[in-house]
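Letter by letter, the chains look like this.
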Amino acid sequence: MLELLNNPISTCSQKVRLTLHEKGLSFTDTRIDFRAKEHLTPEYLAINPDGVVPSLLHDGQPVLDSSVIMEYLDEVYPDRSLTPADPLARAKMRKWLRFIEEVPTLAIRIPSFNQVFVRHRKDLSADDLKKDTEARTLRRTFYNEMGRDGFSDARHAESLERLRETVTRMDAALAQNDWLCGSAPTLADFCVVPTIDRMRDLGLSHIWEGLPHFARWWDAMQQRPAYLATYYPGTRVSDIYDDLKETA
Ligand SMILES: N[C@@H](CCC(=O)N[C@@H](CS)C(=O)NCC(=O)O)C(=O)O
């Protein structure tokens, strides 16, 4: 039995939901409420000491970290494989996965927090702000840097540059093939989707203007049943925060 502890709007959770749906796997969808800090309770930290979602429970055994979970699912359920058979192609896919984790997945957090999540810290007293930061097991430095006003303009600009670099590299790969690693979608395609969807949600789709191969890939991705199942109502920041409805 598969149970996914996740959050509707979490991009890391979306990577795993995309994989589960694309592979046609049924799972128990257990939602973790960030505002209620359910990801920081002792019970949740016993499953995932990093205090982040998603966590997969496979017959009660935790499997952690979104990209690791994606690879695990593809190994344990080899039907409808999302990993190339050839070792060299597999290495190329893993390089994409590494790049996606190290570059766009980190970069998208800066506009996400600046435009959306930092608002929940604005009215905290100095004491509560400190407590909120201290509770973030692995993220204290990140939350400290954000403070109550968000990340600096320089950090924001650098993040947008990294997102631009991502879609530019994708466009070059997609000029050669329909999908990032060849003629069929792989884990790499699904791993980057939540960043792209969040960019659009934040009003940042201008970053991929003039990239035709990327645009074709994005159109095709949005028509996949797995994409439609992953993004149910309430999964986007613009579904939740009224001031973002205009930008998305
Ligand atoms: N490397 C981890 C990162 C997970 C992660 O950062 N999750 C975010 C949501 S996308 C989270 O739980 N954040 C909670 C917080 O900031 O307190 C993974 O890919 O699973």
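In this text, all values refer to a predicted model and were calculated from it rather than measured experimentally.

Novice: Before we go on, may I ask you to explain the overall build of the protein chain in this structure?
Specialist: Scanning the protein chain from N- to C-terminus turns up 13 helices and 4 strands. Relative to the globule expectation of 18 Å for 248 residues, the C-alpha radius of gyration of the protein chain, 18 Å, shows essentially globular dimensions. Taking the principal axes of the C-alpha coordinates as reference, the protein chain spans close to 55 × 45 × 30 Å. Residue burial in the protein chain is summarised as follows: out of 248 residues, 31% are buried.

Novice: It is not clear to me how the domain arrangement of the protein chain should be interpreted in this structure. Could you clarify?
Specialist: It is common to give the size of an interface as the accessible area lost on bringing the parts into contact. Taken domain by domain, the protein chain comprises domain 1 (2–76) and domain 2 (87–231). A C-alpha centroid distance of 18 Å is found between domain 1 and domain 2. Opposite the 16 residues of domain 1 that make contact, domain 2 presents 19 residues. Contributions of two or more residues to the side of domain 1 that touches domain 2 are made by helix H1 (11–22) and helix H3 (66–76). For the side of domain 1 that touches domain 2, the leading source of residues is H1, giving 8 residues. Looking at side-chain class alone, the side of domain 1 that touches domain 2 contains 4 nonpolar, 6 polar and 6 charged residues.

Novice: Can you help me understand the site of the ligand in this one?
Specialist: Taken together, Ser 10, Thr 11, Cys 12, His 39, Val 52, Val 53, Pro 54, Asp 65, Ser 66, Arg 136 and Arg 139 make up the full set of residues adjacent to the ligand. Classifying every residue of the shell around the ligand by side-chain character gives 4 nonpolar, 4 polar and 3 charged.

Novice: Please clarify how the environment of Ala 126 should be interpreted in this entry.
Specialist: Among the structural elements, Ala 126 can be located in helix H7 (residues 126–134). You can call Ala 126 exposed: it has 8 C-beta atoms within 10 Å.

Novice: Explain the packing of H1 against H3 here, please?
Specialist: Helix-helix packing is described using two parameters, namely the angle between the two axes and the distance between the axes. Put simply, H1 and H3 touch, their axes get as near as 9 Å, and they point 10 degrees apart. On the basis of the axis angle, H1 is roughly parallel to H3. Here Cys 12, Lys 15, Val 16, Thr 19 and Leu 20 of H1 lie close against H3, whose contacting residues are Ser 66, Ile 69, Met 70 and Leu 73. Per-class residue counts for the contact of H1 with H3 are 6 nonpolar, 2 polar and 1 charged.

Novice: It is not clear to me how helix H10 (residues 187–201) should be interpreted in this structure. Could you clarify?
Specialist: Since the α-helix packs 3.6 residues into each turn, any two residues three or four apart lie on the same face. In this model, H10 (15 residues) spans 22 Å end to end at C-alpha, consistent with the 21 Å of a helix rising 1.5 Å per residue. In H10, a bend of some 30 degrees at Val 193 exceeds every other bend along the element, and Pro 194, a proline, comes one to four places later. Burial analysis of H10 places 14 of its 15 residues in the buried class, the great majority of the element. Just beyond H10, the residue with positive phi is Gly 203, at close to 80 degrees.

About the cut-offs
Residues numbered from 1 in each chain as written. Predicted model: local features only at pLDDT ≥ 70, side-chain atom pairs only at ≥ 80, totals over all residues. Helix = DSSP H or I, 4+ residues; strand = E, 2+ residues; numbered from the N terminus. Rg over C-alpha atoms; globule rule 2.2 N^0.38 Å. Buried ≥ 20, exposed ≤ 12 C-beta atoms within 10 Å, placed from the backbone. Domains from an automatic or database assignment. Contact = placed C-beta atoms within 7 Å. Nonpolar A, V, L, I, M, F, W, Y, C, P; charged D, E, K, R; others polar. Near = placed C-beta within 6 Å. Axes fitted to C-alpha atoms, helices over the stretch in contact; angles between N-to-C directions. Parallel < 35°, antiparallel > 145°, perpendicular 65-115°, else oblique. Expected span 1.5 Å × (residues − 1). Bend = angle between axes of the 7 residues up to and from the residue.

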